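Here is how the chains run, residue by residue.
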Amino acid sequence: MIKLLLQLFIQYFHIGVFSFGGGYATLPFLYEIAEKFKWFSVTQLTDMIAVSSVTPGPVGINMATFSGFTTAGIVGAICATFAIVLPSFIFVSIVYKILDNFKENSYVQSCVKTLKPAGCALLSAVGIKLLFTSNLHLLGFLCLVLFLITGVVKKREPLFYLGVSALFGLVIGHLHWIGV
Amino acid sequence: MEKSFFSIFKTFFKVGAILLGGGYVILPLLTSELVDKKGWITSDELCEYYAISTSLPGVIAINTAVFTGRKLLGTKGAIASILGVTLPSFLVIVLLASVLSELVRFNHVNYIFWGVGIGVIALLFFAVKEMWSKCVTDRFTSVIYVLCLILALCGKISPAIIVIFAIITGLAVQFIKNKRKSND
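Residue indices follow the written sequence of each chain, beginning from 1 at its first position. Both sets of labels track the order of writing: A upward for chains, 1 upward for ligands. Only residues with pLDDT of 70 or above have their local features reported here, since the model is predicted, and side-chain atom pairs are shown and tallied only from 80 upward, although totals for entire chains, interfaces and linings are computed over all residues.

1. What to know about the packing of helix α3 (residues 43-55) of chain B against helix α6 (residues 107-135) of chain B
Residue and element names in this part refer to chain B. One can describe the packing of α3 onto α6 by two numbers: an axis separation of 9 Å at closest approach and a directional angle of 105 degrees. In terms of axis orientation, α3 runs roughly perpendicular to α6. Contact residues: α3 offers S43, D44 and C47, while α6 offers E130, M131, K134 and C135. Under this grouping Gly is polar, as are all residues other than the nonpolar Ala, Val, Leu, Ile, Met, Phe, Trp, Tyr, Cys and Pro and the charged Asp, Glu, Lys and Arg. By residue class, the composition of the contact of α3 with α6 is three nonpolar, one polar and three charged. Angular values range over 0 to 180 degrees, each being the angle between N-to-C directions of two axes fitted as lines to C-alpha atoms, with helices fitted over their stretch in contact. To qualify as a helix, a DSSP run of H or I must reach at least 4 residues; to qualify as a strand, a run of E must reach at least 2; elements of each kind are numbered from the N terminus. The cut-offs work like this: below 35 degrees is roughly parallel, past 145 is roughly antiparallel, 65 to 115 is roughly perpendicular, and the gaps in between are oblique. We call two residues in contact whenever the C-beta atoms placed from their backbones are within 7 Å.

Right under this line is the structure:
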């Protein structure tokens, strides 16, 4: 049991250190784990990816919790989740310290100034890609336009948009107006 | 509202509970909670943290949470934010682990997911609008924005590379400025 937990910890710590670019970057590592350790099957993994998108939380965390749980119960889930989060904690803490200590440095200030538009561009790119790859249909697109117009007029809670759009999907899907 | 371990935990728990559809959604959610409602942090700082988070290894949502938690209350804040943002997904997965596979085969779950996808795109565009007004302020930053957007949209360039490109540009620009100054 201890050996299994240690293995879980090492594997997920490894993912935390080497996956660049967010949740979906952890997927190749997870496929490798499925093949090498047989903690979960590839079919289970595929189901899990689908479920991760409907349950709250980042895909990487959901996967770690899920496979930790199927491998070694609740202790396994805690172990794997802790292991994937730990590298983030370490790396971010180091970078934060550097930024904080050299705040007045002109090079750091100049970097921060170029980093911000880059971050904004990355987020724009995600939005644009989602717009073209999600299967929106005309109705979904109209709903989105409506959201954007109302959003400009009045600022609302994120939960409002998530709730209304979930309900919208449920109604439209139930009525079979679109093939989702 | 006072910044305490518990209040930070509670805020991030809420964010974790409605974090649907990928890590980048954490940005609009944090903007709503921390900038608009509590005023604990500026959207300028959030923007900077998000940009750096995408270039660091690990889960982006977690990286961003650690950054903001650290800014709010040091190491204690970082631990509170990590616990808060992971706990909802942890609980949901542990509770649903045995029935997860059946869940996807429910048509209605897929309908809801399709719908939420629209809400997520709307949230992203609101976040972009907010960030744009804070981060793209002059000709130089506009050029950086357009360049990075083109890089991000065409081909399979990793976000990490784009962020490193931005860092190098920042260093180079400052280097040239300093050079000119010393020449004058």
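2. With respect to the domain arrangement of chain B
Under the domain assignment used here, chain B contains domain 1 (5-135) and domain 2 (137-184). Looking at the side of domain 1 of chain B that touches domain 2 of chain B residue by residue, the class counts come to two nonpolar, two polar and no charged. In this document the domain limits rely on a domain assignment from an automatic tool or a database.

3. Structural notes on the confidence of the model for chain B
Residues and elements named next belong to chain B. Here chain B averages 87 in pLDDT, and 96% of its residues register 70 or above. For chain B, helix α5 (residues 100-104) is the element with the lowest average pLDDT, namely 69, and helix α1 (residues 5-17) is the one with the highest, namely 95. Interface confidence for the predicted complex, given as ipTM, is 0.80, next to a pTM of 0.81. Confidence of the predictor at the level of single residues is given by pLDDT, which spans 0 to 100.

4. Notes on helix α7 (residues 139-153) of chain B
Expected span of a helix, by definition, is 1.5 Å for each gap between consecutive residues, and there is one gap fewer than residues. When the terminal C-alpha atoms of α7(B) are compared, their 21 Å separation across 15 residues agrees well with the 21 Å that a helix rising 1.5 Å per residue should span. Turning to α7(B), its buried residues number three or more, namely I144(B), Y145(B), C148(B), L149(B) and A152(B). One face of α7(B) carries all of its buried residues, which in axial projection span an arc of 130 degrees. Packed against the buried residues of α7(B) are α5 (106-133) of chain A together with α8 (159-183) of chain B. Backbone-placed C-beta atoms define the burial measure: a residue is buried with 20 or more other C-beta atoms within 10 Å of its own, exposed with 12 or fewer, and partly exposed in between. By construction, the arc corresponds to the directions joining the helix axis to the C-beta atoms.

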